[in-house]
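Chains, contacts and geometry: an overview
If you want the building blocks of each chain, they are given just below.
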Amino acid sequence: QVQFVESGGGWVQPGGSLRLSCTAFGSIPSFDAMYWYRHPGNSREFVAQLLRDGRAYYAGSVKGRFTISKDSAANTWYLQMNNLEPQDTAVYYCNAAQHKDGVYDLSLDWGQGTQVTVSE
């Protein structure tokens, strides 16, 4: 199993910034993609993806404000969040995937997440 540990969440006013961190522990495979998701409610919302070649993809709602990066040697990746808005309020989760047979398979071992609250 792989354990993901998220950190860096907290409360900020609109326009503020936070940097989230994710570290993977345990039996760590060679990940082909790293992710950030968020749960504004009961559903899961894609936020960002980082591929092995460094190419990054973002949800339209965060593009230009959020940046995903990684430290592969430390099994760690980050989400820099700038100009935060109340709509960004959610529990943020990280994950990773291997690319097999043309698809990315996320790990089923979701972490506890880290709460981000953006309000006045």
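So, a few notes on the structure that sits alongside this text. No experiment lies behind these values; they were computed from the predicted model shown.

The helix and strand tally for the protein stands at zero helices and eleven strands. Along the protein, helices (α) and strands (β) appear in the sequence β-β-β-β-β-β-β-β-β-β-β when read from the amino end. The globule rule puts the C-alpha radius of gyration for 120 residues at 14 Å, and the 14 Å found for the protein is close to it. In terms of its C-alpha atoms, the protein occupies a principal-axis envelope of roughly 45 × 30 × 25 Å. Of the contacts made within the protein by residues no fewer than 6 positions apart, 56% connect residues no fewer than 24 positions apart. Counting every atom, the protein has about 6300 Å² of accessible surface; 45% of that belongs to carbon and sulfur. Within the protein, the 11 negative side-chain charges are centred at a point lying 5 Å from the centre of the 9 positive side-chain charges.

What follows deals with the nonpolar core. Core analysis: the largest hydrophobic core is formed by 27 residues, its most contacted members being Phe4, Trp36, Trp77, Leu79, Met81 and Tyr92. Of all elements in the fold, only β1 (2-7), β3 (18-26), β4 (33-39), β5 (45-51), β7 (66-71), β8 (76-81), β9 (90-100) and β11 (114-118) reach the threshold of two or more residues within this core. Setting aside residues no more than four positions away along its own chain, Leu79 makes contact with Leu18, Arg19, Leu20, Trp36, Val47, Ala48, Phe66, Thr67, Ile68 and Tyr92.

Turning our eyes to something else, we now look at the pattern of salt bridges. Any two side chains of opposite charge can pair, so long as their charged atoms come close to each other. Under the defined criterion, the tally for this structure stands at four salt bridges. Linking Arg52 and Asp32 is a salt bridge whose minimum nitrogen-to-oxygen distance equals 3.4 Å. Separated by 20 residues along the polypeptide, Arg52 in the loop between β5 and β6 (56-58) and Asp32 in the loop between β3 and β4 bring together distant segments of the chain. By relative accessible area, which is 56% here, Arg52 ends up exposed. In this structure, the salt-bridge partner of Asp88 is Arg38, at a minimum N-O distance of 3.0 Å. Residue Asp88 is found in the loop between β8 and β9, and its partner Arg38 is found in strand β4; the two are separated by 50 residues along the sequence. Each member of the salt-bridge network shares a partner with another, and the members are Arg38, Glu45, Arg65 and Asp88.

About the thresholds
- Residues numbered from 1 in each chain as written.
- Predicted model: local features only at pLDDT ≥ 70, side-chain atom pairs only at ≥ 80, totals over all residues.
- Heavy atoms only, no water.
- Helix = DSSP H or I, 4+ residues; strand = E, 2+ residues; numbered from the N terminus.
- Rg over C-alpha atoms; globule rule 2.2 N^0.38 Å.
- Contact = heavy atoms within 4.5 Å.
- Areas by Shrake-Rupley, 256 points an atom, 1.4 Å probe, with all protein chains shown as cover.
- Lys, Arg positive; Asp, Glu negative; His and termini not counted.
- Charge placed at Lys NZ, Arg CZ, Asp CG, Glu CD.
- Core = buried A, V, L, I, M, F, W, Y, C linked by side-chain atoms within 4.5 Å.
- Buried < 20%, exposed > 50% of the residue type's maximum accessible area, 1.4 Å probe, protein only.
- Salt bridge = Lys/Arg side-chain N within 4 Å of Asp/Glu carboxyl O.

None of the figures reported here should be taken as evidence of function without further support.
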